[in-house]
Every structure is written in C-alpha cells, then in structure tokens.
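What follows is each chain in one-letter form.
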Amino acid sequence: MWTGVWWHAIQSLLPPGATLAPIIIATDKTQLTQFSGGKSAYPVYLTIGNLPKAVRRKPSLHPCVLLGYLSVDKISQESLTQRELRAHNQRLFHELMRVILEPSVQAGKEGIGMTDGDGAVHRVFPILAAYVADYPEQCLVSCSKYGSCPKCQCPPDTLSSSDSHPLCTQPWTEGVIANAKASSTSMAQFHRSCMQQQVSGSVYHPFWADLPYANINTAITPDVLHQLYQGVFKHLVNWCMRIMSEEESDRRVRALPPAYGVHHFKNDVSALTQISGSERKRMAKILLGCLVGVFPFNKVGNKIF
C-alpha cells in the first residue's frame, strides 16, 4: 500500500468510479494488571489508509476506531492436551475476528455509499490492506507455524540462508488446509499434515478467507519494535561492538557532538540493560556516525557487509 502498487492493483479490479478505502487492522493483547489478578484486554482497532501518516500516528486526532474486544477468558483444560488447548484458542480467535469483520465482506464486494465533505456520494469499497501485530499474532493471523516466516515458505531451520523461497499466499494456505482436511481422518492427522508444510494445523476456516480482494500474507506488516529495533538493530550493534571492542564503541558514542534531534549518550552504551525501543531508536540515529573511519572505504562493500 505504501508504494502505490497495491492501490493500482486493487483499483483495477473495482468498478469504474469506485473509491478504495484500505482497511488497517491492529490487534494487541495487553496486560492491564500485574499483581492483582492478571487482568488483560484484547482490543481490535481499525483505521484507513486514506488518512495521511501524520494523522494516523497522532492519537489526539482519533484516527483509529475501536471495533471491539476479543475474548480473554481461559478455556477449561479438562480432558484437553496442551496442543488441543492451543488449537481451541486459535479457532476462537478466528471465529471472533470473522464476526467482527463480517460487515466488511458485503461492503467490500458491492461497496457502500459515503458522502464526502463537498456533499458528493461515492461508492466506497473497504478492503483489508494491512494487519499490524507482533510476531506471535502474525503467525496466529496468517495461520503460519510458529517459528516460520509468515511471508514466505522458508523452513524455520533455513531462515538464516540467503536462498529465495516461494511467497505465502492466501490460495496456497487455503489449499494446504483443504488438502489436509480431505486426506485426514482425525484432528491429530490434520495437524501433522499442515505442520509439515509450515501451516498451523489448528484452524479449519480462517477469518480472512471470505474477505474480498484480500491477501493476508502481504497485509502482514513488520513489527518495528520487536523485529527491527529489538531484533535486527540489536544484533547489528552487537556485531559492531565485536568488531571495534566495547571500549572503542563507547568512546566514539561519548565523543559525538550534540546535535538537534539526536540524543547524546553520556554514559557507556555497552553497560545499558533492558534497553527500550525508544532507546534503540536513538542509538540507530548515531550508529553510522560511530562507524566512520573504522574500515577502509574501498573494503566495506567487499569484506564486511
């Protein structure tokens, strides 16, 4: 959606004169209390891609709408194994999401009349474009096996390889589930058949199967906090410290001059523990400046990266 390619592809499938409203869904199970009963909430938020990013990122402008809360009640574990309990929870999630997003199915197929600020009525088609969630929820939403990639068919034990793999698509995932249902005589056999192809063997009918023009695998967005700042960037900092030594990296960080919009670390960065996402973001702004002069310019592309 952010490149415009998705907009043109979906717009070409809609009737002439139709207005596209990309739907952005976000879910995040949140712990409300820590020591007084462990209360939690599971909200589902909705916003649209027609709003500028500067507006969507300001909660004071109320760009998001609360669609509802998913159930956080614990299912009784009597006569259930751990695998069966996880399967029940996953199926419950998809059934609840199907109920919440059910109005968008008919609206996405036929459109719905909406009036703009000038009084003109447009036929608007709300189409799922992006789903914002952390990695466990990405696997839950896309019906991917936990530990695998929700975007491609790369096996978990070869994620570090540079080899390319086919992309995951809705038809492919639905085909794996349908073939497993047709060839299985028990829930355990269905689960094994799906897991062999990196598909979660717990859901029979995903909630996104009925959404028009949707592709849940391309709708999954990267988790900036956990996958970028707390993941890729964390390893990148560790590699740089091993190349330069912790003492040298700390010296370079302290020697950086103060600048507008850049945090000045007065203490040793290597001594920081439990680093938050905002601190990782501040460190990312100064990392490149700390690497100046460490390697010969003509050897960076050939030997290091």
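Our subject is the structure listed above.
The rules behind the values
- Residues numbered from 1 in each chain as written.
- Predicted model: local features only at pLDDT ≥ 70, side-chain atom pairs only at ≥ 80, totals over all residues.
- Heavy atoms only, no water.
- Patch = residues over 30% accessible without salt bridge, like charges linked within 9 Å, V, L, I, M, F, W, Y side chains within 5 Å.
- Areas by Shrake-Rupley, 256 points an atom, 1.4 Å probe, with all protein chains shown as cover.
- Salt bridge = Lys/Arg side-chain N within 4 Å of Asp/Glu carboxyl O.
- Helix = DSSP H or I, 4+ residues; strand = E, 2+ residues; numbered from the N terminus.
- Buried < 20%, exposed > 50% of the residue type's maximum accessible area, 1.4 Å probe, protein only.
- Contact = heavy atoms within 4.5 Å.
- Phe/Tyr/Trp six-rings, centres within 6.5 Å; stacked < 30°, edge-to-face > 60°.
- Core = buried A, V, L, I, M, F, W, Y, C linked by side-chain atoms within 4.5 Å.
- Pairing = 2+ DSSP bridges.
- Axes fitted to C-alpha atoms, helices over the stretch in contact; angles between N-to-C directions.
- Parallel < 35°, antiparallel > 145°, perpendicular 65-115°, else oblique.
- Left-handed = near helix turned anticlockwise from the far one by under 90°.
- Polar contact = N/O pair within 3.5 Å; in protein donor to acceptor, adjacent residues only side chain to side chain.

Colleague: I would appreciate a short explanation of a nonpolar patch on the surface in the present structure.
Modeller: A contiguous nonpolar patch, built from Tyr45, Leu66 and Tyr69 and spanning about 310 Å² of accessible area, is present on the exposed surface. Its location among the elements puts Tyr45 in strand β4 (residues 43–48). The class for Tyr45 is partly exposed, based on a relative accessible area of 35%.

Colleague: Would you take a moment to explain the environment of Cys152 for this structure?
Modeller: Within the secondary structure, Cys152 sits in the loop between α4 (135–142) and α5 (170–183). On a C-alpha basis, the gap between Cys152 and Cys168 in space is 4.6 Å, while along the polypeptide they are 16 residues apart. In contact with Cys152, not counting residues within four places along its chain, are His165, Pro166, Leu167 and Cys168.

Colleague: Is there a simple way to think about the pattern of salt bridges in this case?
Modeller: It is possible for side chains of opposite charge to pair when their charged atoms get near one another. Summed over all chains, the structure comprises four salt bridges. Of the charged contacts in the structure, one is a salt bridge between Arg251 and Glu248, with a shortest N-O distance of 2.8 Å. Linking Arg251 with Glu248, this pair stays in helix α9 (residues 246–255), spanning three residues, or about one helical turn. Note that Glu248 and Arg252 form a salt bridge whose closest N and O atoms lie 2.9 Å from each other. Here the residue Glu248 and the residue Arg252 both occupy positions in helix α9, the gap between them amounting to four residues, near one helical turn. Look at Glu248 and you get partly exposed, because its relative accessible area is 23%. For Arg252, a relative accessible area of 19% puts it in the buried group. Salt bridges linked by common partners bring Glu248, Arg251 and Arg252 together as one network.

Colleague: Is there a simple way to think about the packing of aromatic side chains in this case?
Modeller: Remark: the centre distance and the inter-plane angle together describe each pair of aromatic rings, the angle taken between the planes. Going through the model one piece at a time under the given rule, you end up with six aromatic pairs. Geometrically, the ring pair formed by Tyr135 and Tyr146 is tilted, given 5.4 Å between the ring centres and 55 degrees between the ring planes. Taken together, the residues span a long stretch of sequence, with Tyr135 in helix α4 and Tyr146 in the loop between α4 and α5 at a distance of 11 residues. Through a chain of ring-to-ring contacts, three or more aromatic side chains come together here, namely Tyr42, Phe93, Tyr131 and Phe207.

Colleague: Which parts of the structure should I look at to understand the nonpolar core?
Modeller: As a rule of thumb, soluble globular proteins bury nonpolar side chains together. Counting residues in hydrophobic clusters, the biggest one holds 23 residues, and the most contacted among them are Ile25, Phe93, Met97, Tyr131, Phe207 and Leu211. Listed by contribution, the elements that provide at least two residues to this core are β1 (19–27), β4, α3 (82–110), β7 (121–132) and α4. Membership of the second largest hydrophobic core comes to 14 residues, among which are Phe233, Val269, Ile275 and Leu287.

Colleague: Hey, could you run me through the sheet that holds strand β6 (residues 112–115) in this one?
Modeller: Strands belonging to one sheet form pairs held by backbone hydrogen bonds; the direction of such a pair is parallel or antiparallel. Strand order in the open sheet formed by five strands is β5-β4-β1-β7-β6, and the pairing between neighbours is mixed. The open sheet has two edge strands, β5 (65–69) and β6, and neither has a second partner. Strand-to-strand, the axes of this sheet are offset by a mean angle of 40 degrees, without reference to chain direction. With four bridges connecting them, β6 and β7 associate as antiparallel partners. Following the sheet pairing, Met114 is matched in β7 by His122. Of the strands in this sheet, β1, β4, β5, β6 and β7 touch α3, which is tilted by about 150 degrees from β7.

Colleague: Any chance you could explain the packing of helix α8 (residues 224–244) against helix α10 (residues 277–290) here in plain terms?
Modeller: Packing of α8 against α10 brings their axes to within 10 Å, and their N-to-C directions diverge by 40 degrees. As judged from the angle between their axes, α8 and α10 are oblique. Judged by the twist between their axes, the crossing of α8 over α10 is left-handed. Residues Leu225, Tyr229, Gln230, Phe233, Lys234, Leu236, Val237, Cys240 and Met244 of α8 touch α10, and the partners they reach there are Gly277, Arg280, Lys281, Met283, Ala284, Leu287 and Cys290.

Colleague: What's the story with unusual backbone geometry in this structure? I'm lost.
Modeller: Phi is mostly negative for residues that are not glycine, and the peptide bonds are mostly trans. In this structure, Ser79 is a non-glycine residue whose phi angle is positive, near 60 degrees. Mapping Ser79 onto the fold places it in the loop between β5 and α3.

Colleague: Could you clarify how one ought to interpret the side chain of His94 in this entry?
Modeller: Take His94: it is sitting in helix α3. Among the polar contacts listed, one links the side chain of His94 to the backbone nitrogen of Phe207, at a separation of 3.3 Å.

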